[in-house]
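# Survey of secondary and tertiary structure
For reference, the chains in residue letters:
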Amino acid sequence: MGSLFRSEEMTLCQLFLQSEAAYACVSELGELGLVQFRDLNPDVNAFQRKFVNEVRRCDEMERKLRYLEKEIRKDGIPMLEIPGECPEAPQPREMIDLEATFEKLENELREVNQNAEALKRNYLELTELKHILRKTQVFFDERLYCDADTGVYRSPLSFVAGVILRERIPAFERMLWRACRGNVFLRQAEIDTPLEDPSSSDQVYKSVFIIFFQGDQLKTRVKKICEGFRATLYPCPEAPADRREMAMGVMTRIEDLNTVLGQTQDHRHRVLVAAAKNIKNWFVKVRKIKAIYHTLNLFNLDVTQKCLIAECWVPALDMETIQLALRRGTERSGSSVPPILNRMETLEDPPTYNRNNKFTIAFQNLIYAYGVATYREVNPAPYTIITFPFLFAVMFGDLGHGALMAAFGFWMCYKEKPLQAKKIDSEIWNIFFGGRYIILLMGLFSMYTGLIYNDIFSKSLNIFGSSWRNNYNISTLEENKLLQLNPDSWDYLQSPYPFGIDPVWQLAEANKIIFMNAYKMKISIIIGVFHMLFGVCMSLWNHLYFKRRISIYVEFVPQIIFLTVLFFYMVLLMFMKWTFYGATIDHFGSQEEDIVKSSGFCAPSILITFINMMLFKTDENPRTQCDPTMYPGQIGLQKFFVLVALVCVPVMLFGKPYFIMQERKKRALQGQQPLAENAENGTAGGAPVPASHHQEEDISEVFIHQAIHTIEYVLGSISHTASYLRLWALSLAHAQLAEVAWNMLLRKGLKSGGYEGGVFLYVVFAGWAAISVSILVLMEGLSAFLHTLRLHWVEFQSKFYAGEGYLFQPFSFEVILDSAGQGEE
């Protein structure tokens, strides 16, 4: 778990592999997933690399497998999942067997499909001819006459018969009429059953038509129009006996074709069922082979052409594990030359690697969305596990809504494996499922803050009994629509509610909002100041680790003093006001002074006190006898605090440039080459120094850089403190929306009576539940989530987190197969 608080120490290594052992060793490293290879051939075209032919063979095998998969899915055949462990990468010699297997399957399947398509086309033609012979009998009965010489019924007109798509009939008829100037006679009849298109396997609806005309010129024109509309023409005998004889022959051929088609489909189905049993394994094997050769293309060949050389980033703690994997690969290949893994000195920035599990990865992704941590700097993720759901809950605090959110998160965690196996391709669902543990914690924390606020669907729970005397009966509430609670009255027992807020405040329509606003506003500022102080303290951890002594003295110390003497002091004033001032006694506990001074309303305003402190003013109101101070010597101490804060600004502004100038002068006098603050940004724990730290920075750039950071911190301390008021604002908005939903819907349903009232309550409850889930849980939850994200990224992480690193992306079969599987979905 050490790397969760700070990224792993990384080492750049050089790897020497014998050519015949390289494939097996890389395969073992891919199963391990702890090595990130560098490209040693950046200027070499992808088509000119050593193993490009093997990669092309893998691409061809993948194409054949995708074709097989498409045909399997078309027939609805289930593809068996891989039982047990994922198959290992096959040896290079097995590629020939796989290629032969896939070639045979593809050729067999294509031949079967071509035969089936030809048979279906023949079947379609015979079916259409069958319908023509049936439908045209009526048309001939209307147009026949008897020849006196032969006794045979003949038509005085020529004709063509065929089949056309049903939706083309109107346009087809108009074109015939215009092109032939009305000298043709068209009759058509719909085919009731749909016909299967042999090319696309779609069901299409067609109609039979017959066109009567006279003369060869019209015959040529009619045939061209039929060809343009893609109508299929069929020979149709004029004599009824010939048509009957042809129909009998067509029916016989259709029956024979049905038998042959059934046998062809059975053979195709057997081929696909056999392929479906192994296709998942085949995909895994081919993708592993392809990934191995892609990785080998990053290697260099030595002059003897017998050794492959690679450079890779590896976690320092896993060196022994990687050595064991390389030995296994060498033994599998039968090579007698052991691999060599040497550490290298480098000035490059190493990648950032934090080990995570399924619980911490969601919170780590929230941090990565802002920026990947600079190498070895403090990782905010473990602290975000607590602070993120807590700040969310301060804004979302409602016991009922929090329970709904927690139940949804718990269901996703409980059904984790079945839901993962379904591989749902909805992007929104994947976002929710990826953050299932965040949702669960946000719901649980919201239930806690809901208990603190004593708020459940805008109502309260009276668990411990109110600290106000029970004299607020129904008549009192009905007569006093704007009821106010006065703590300086006989009604209050002068003892606080044991846990959370007293439920009686739900009845105080007049000053409920005033009380809740004052409470939540102060809580927001207190939480915000402590959150920012924690962020500044995290920067000290970074300075100590990287041995940046100058930054400790001229950055951390003035920053923490500035934040403490101004804003932490304001927080102390809030606690003093809550502690020293009550409804009936003053802050010294004396009851002998004037009742005006001892009143709770005489307590000084924290905001006014803070403004007067910054302006060196004293708030003296001659109309009252109230003391504007809370303790003796407050005015003088506050002036001292402001002066200390003002002194911190030039220290932050000029301190670091001054020490850098002194260090450079000292090095110049000693005749040493000036390095840019080596002590400031030096190595720590054997970690390499980034190359950018070894370049001397111009002193003017140092001044500009420090000025920007100082202004940002000083102004940001004010704006960031005010930014935490969003905790109060969104909490108030959520509570008010919940109350509106209750009063406008559910309250009216609960007050209705009788049979009609039950039906009305049923409908109203459905509407209230829909609004609660869609608006108060989903939309308000998303709003609170985004505001919480901003508080962490800007107000908290800006104090210590640079986020200028790049992610460690090891060569891992698991990652490659997961990304390939998501791409297929």
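Everything discussed here concerns the structure shown above.
The text that follows walks through the structure, step by step, so that each part is easy to find. No experiment lies behind these values; they were computed from the predicted model shown. (Residues numbered from 1 in each chain as written. Predicted model: local features only at pLDDT ≥ 70, side-chain atom pairs only at ≥ 80, totals over all residues. Heavy atoms only, no water.)

### Side note on the overall build of the protein chain
The following threshold applies: Numbering of helices and strands runs from the N terminus; a helix is a DSSP stretch of H or I covering at least four residues, while a strand is a stretch of E covering at least two. For each residue, the accessible area found with a 1.4 Å probe, counting protein chains only, is set against the maximum for its type, and the residue is called buried under 20%, exposed over 50%, and partly exposed in between. The contact criterion used is simple: two residues touch if any of their non-hydrogen atoms lie within 4.5 Å. Accessible areas in this description were obtained via Shrake-Rupley with a 1.4 Å probe; residue shielding takes into account the shown protein chains only.
On a plain count of helices and strands, the protein chain comes out with 25 helices and 13 strands. By residue count, 45% of the 825 residues in the protein chain fall in the buried class. In the protein chain, of all internal contacts separated by at least 6 residues, the share reaching a separation of at least 24 is 81%. Entry remark: accessible area of the protein chain is about 43700 Å², with carbon and sulfur atoms responsible for 58%.

### With respect to the packing of aromatic side chains
For clarity, the cut-off: For Phe, Tyr and Trp, rings pair up if their centres lie within 6.5 Å, where Trp contributes its six-membered ring, and each pair is then called stacked (planes under 30 degrees apart), edge-to-face (over 60) or tilted (otherwise). By definition, being over a ring means that NZ of Lys or CZ of Arg is both within 6 Å of the ring centre and within 35 degrees of the ring normal.
For the coordinates displayed, the defined rule picks out 41 aromatic pairs. Here Phe359 and Tyr437 contribute two aromatic rings whose centre-to-centre distance is 5.5 Å and whose plane-to-plane angle is 80 degrees, an arrangement assigned as edge-to-face. Remark: Tyr437 occurs in helix 15 (residues 436–453) and Phe359 occurs in the loop between strand 13 (340–344) and helix 10 (360–370); sequence separation between them is 78 residues. By way of ring pairs, the aromatic residues Phe5, Tyr370, Tyr383, Phe534, Trp793, Phe796, Phe800 and Tyr801 are connected into one cluster. Directly above the aromatic system of Tyr545 lies the positively charged group of Arg6, at a separation of 4.2 Å from the ring centroid. Positioned above the aromatic ring of Phe433, the side-chain terminus of Arg436 is 4.3 Å from the ring centre.

### Some remarks on helix 8 (residues 279–296)
Stated formally: Any helix carries an expected span of 1.5 Å times its number of residues minus one.
Across its 18 residues, helix 8 extends 26 Å between first and last C-alpha, which sits within 8% of the 26 Å expected from 1.5 Å per residue. Where burial is concerned, most of helix 8 is hidden: 14 out of the 18 residues are buried.

### What about the packing of helix 23 (residues 726–751) against helix 24 (residues 754–796)?
Just so we agree on the cut-off: Each axis is a line fitted through C-alpha atoms, taken for helices only over the stretch in contact, and angles between the N-to-C directions span 0 to 180 degrees. For classification purposes, an angle smaller than 35 degrees is called roughly parallel, one larger than 145 roughly antiparallel, one from 65 to 115 roughly perpendicular, and anything else oblique. Ten residues, namely Ala, Val, Leu, Ile, Met, Phe, Trp, Tyr, Cys and Pro, are considered nonpolar, four, namely Asp, Glu, Lys and Arg, are considered charged, and the remaining ones, Gly among them, are considered polar.
One can describe the packing of helix 23 onto helix 24 by two numbers: an axis separation of 8 Å at closest approach and a directional angle of 175 degrees. Considered as vectors, helix 23 and helix 24 are oriented roughly antiparallel to each other. When its residues are assigned to classes, the contact of helix 23 with helix 24 shows 18 nonpolar, six polar and four charged.

### Overview of the packing of helix 11 (residues 381–396) against helix 15
Threshold: By convention, the crossing between two helices is left-handed when the near helix turns anticlockwise from the far helix through less than a right angle, and right-handed when the turn is clockwise.
Here helix 11 crosses helix 15 at 50 degrees, and the two axes come no closer than 8 Å. One element, helix 11, and the other, helix 15, form an angle in the oblique class. Judged by the twist between their axes, the crossing of helix 11 over helix 15 is right-handed. Each of Ile385, Ile386, Phe388, Pro389, Phe390, Phe392, Ala393, Val394 and Phe396 in helix 11 lies in contact with helix 15, whose residues at this interface are Ile438, Leu441, Met442, Phe445, Ser446, Thr449 and Tyr453.

### Side note on helix 22 (residues 699–723)
Rules: What is called the bend at a residue is the angle between a pair of axes, fitted to the seven residues leading up to and ending at it and to the seven starting from it.
Counted at 1.5 Å a residue, the expected span for helix 22 with its 25 residues is 36 Å, and the 34 Å between its end C-alpha atoms agrees. Of all the bends in helix 22, the largest measures some 35 degrees and sits at Gly716. Within helix 22 the residues assigned to the buried category are Val702, Gln706, Thr710, Tyr713, Val714, Gly716, Ser717, His720, Thr721 and Ser723. In this structure, the buried residues of helix 22 make contact with helix 17 (512–545), helix 18 (549–580), helix 21 (634–669), helix 23 and helix 24.

### Things to note about the nonpolar core
Inclusion rule: Put simply, a nonpolar core is a bunch of buried Ala, Val, Leu, Ile, Met, Phe, Trp, Tyr and Cys residues held in one set by side-chain atoms that sit within 4.5 Å of each other.
Judged by nonpolar contacts, the single largest core of 65 residues is most densely connected at Ile438, Met442, Phe562, Leu566, Phe567, Leu727 and Phe785. Per-element tally for this core: the top contributor is helix 18, with 13 residues. Of all hydrophobic cores here, the second largest spans 59 residues; its members include Leu17, Phe283, Ile289 and Tyr353.

### Here's the deal with a nonpolar patch on the surface
Keep this limit in mind: Here, patches come from residues exposed beyond 30% relative accessible area and free of salt bridges, joined within 9 Å for like charges and within 5 Å for nonpolar side chains (Val, Leu, Ile, Met, Phe, Trp, Tyr). What makes a salt bridge here is a side-chain nitrogen of Lys or Arg within 4 Å of a carboxyl oxygen of Asp or Glu, nothing more.
A contiguous nonpolar surface patch, about 950 Å² in accessible area, is contributed by Leu404, Phe408, Trp411, Ile428, Phe432, Leu737, Ile771, Val773, Ile775, Leu778 and Met779. Counting only elements with at least two residues in the nonpolar patch, the list comes to helix 12 (399–414), helix 14 (427–434) and helix 24. Top contributing element to the nonpolar patch by residue count: helix 24, with five residues. With respect to the element layout, Trp411 can be found in helix 12.

### Examining the environment of Arg332
Along the chain, Arg332 falls in helix 9 (residues 319–333). With a relative accessible area of 30%, Arg332 lands in the partly exposed category. For the pair Arg332 and Gln91, spaced 241 residues apart in sequence, the C-alpha to C-alpha distance is 9.5 Å. Residue contacts for Arg332: discarding those within four places in its chain leaves Ala24, Ser27, Glu28, Glu88, Ala89 and Gln91.

### Section: the sheet that holds strand 9 (residues 206–213)
Threshold: Pairing between strands requires that DSSP locate at least two bridges from one strand to the other.
Spatial strand order, 6-9-5-10: four strands in an open sheet with antiparallel pairing. The open sheet has two edge strands with one neighbour each: strand 6 (185–190) and strand 10 (232–234). Neighbouring strand axes in the sheet, compared pairwise and without regard to direction, differ in orientation by 25 degrees on average. In the sheet, strand 6 pairs with strand 9 via six bridges, with the strands oriented antiparallel. Considered in strand 9, the bridge of Glu190 is made with Ser207. Along the sheet, helix 6 (residues 216–228) makes contact with strand 5 (158–165), strand 9 and strand 10, crossing strand 9 at roughly 165 degrees.

### Considerations on the environment of Met175
Of note, Met175 is situated in helix 5 (residues 169–179). Classification of Met175 as partly exposed rests on a relative accessible area of 40%. Spatially, the C-alpha atom of Met175 lies 9.8 Å from that of Phe229, the residues being 54 residues apart in sequence. Among residues more than four places away in sequence, those in contact with Met175 are Ile225 and Phe229.

### Section: the side chain of Lys799
Along the chain, the position of Lys799 falls in the loop between helix 24 and helix 25 (813–824). Not counting chain neighbours up to four residues away, the residues in contact with Lys799 comprise Met532, Gly535, Val536, Ser539, Tyr713 and His720.

### Overview of unusual backbone geometry
A positive phi is found at Lys423, a non-glycine position, where the angle reads about 50 degrees. Residue placement: Lys423 occurs in the loop between helix 13 (416–422) and helix 14. Residues other than glycine seldom take positive phi values, yet Phe457 does so here, at roughly 55 degrees. Mapped onto the secondary structure, Phe457 falls in the loop between helix 15 and helix 16 (474–479).

### Observations regarding the pattern of salt bridges
Scanning all chains against the criterion turns up 30 salt bridges. Notably, a salt bridge pairs Glu196 with Lys120, separated by 3.4 Å at the nearest N-O pair. Placement of the pair is Glu196 in strand 7 (residues 195–196) and Lys120 in helix 4 (residues 94–143), with a sequence separation of 76 residues. Of the charged contacts, one joins Glu128 and Lys206 as a salt bridge, the two residues approaching to 2.7 Å between their closest N and O atoms. Taken together, the positions of Glu128 in helix 4 and Lys206 in strand 9 put the pair 78 residues apart, joining distant regions of the chain. Owing to a relative accessible area of 2%, Glu128 belongs among the buried residues under this scheme. With a relative accessible area of 13%, Lys206 lands in the buried category. Three or more residues joined by partner-sharing salt bridges are found here, namely Asp59, Glu62, Arg287 and Lys290.

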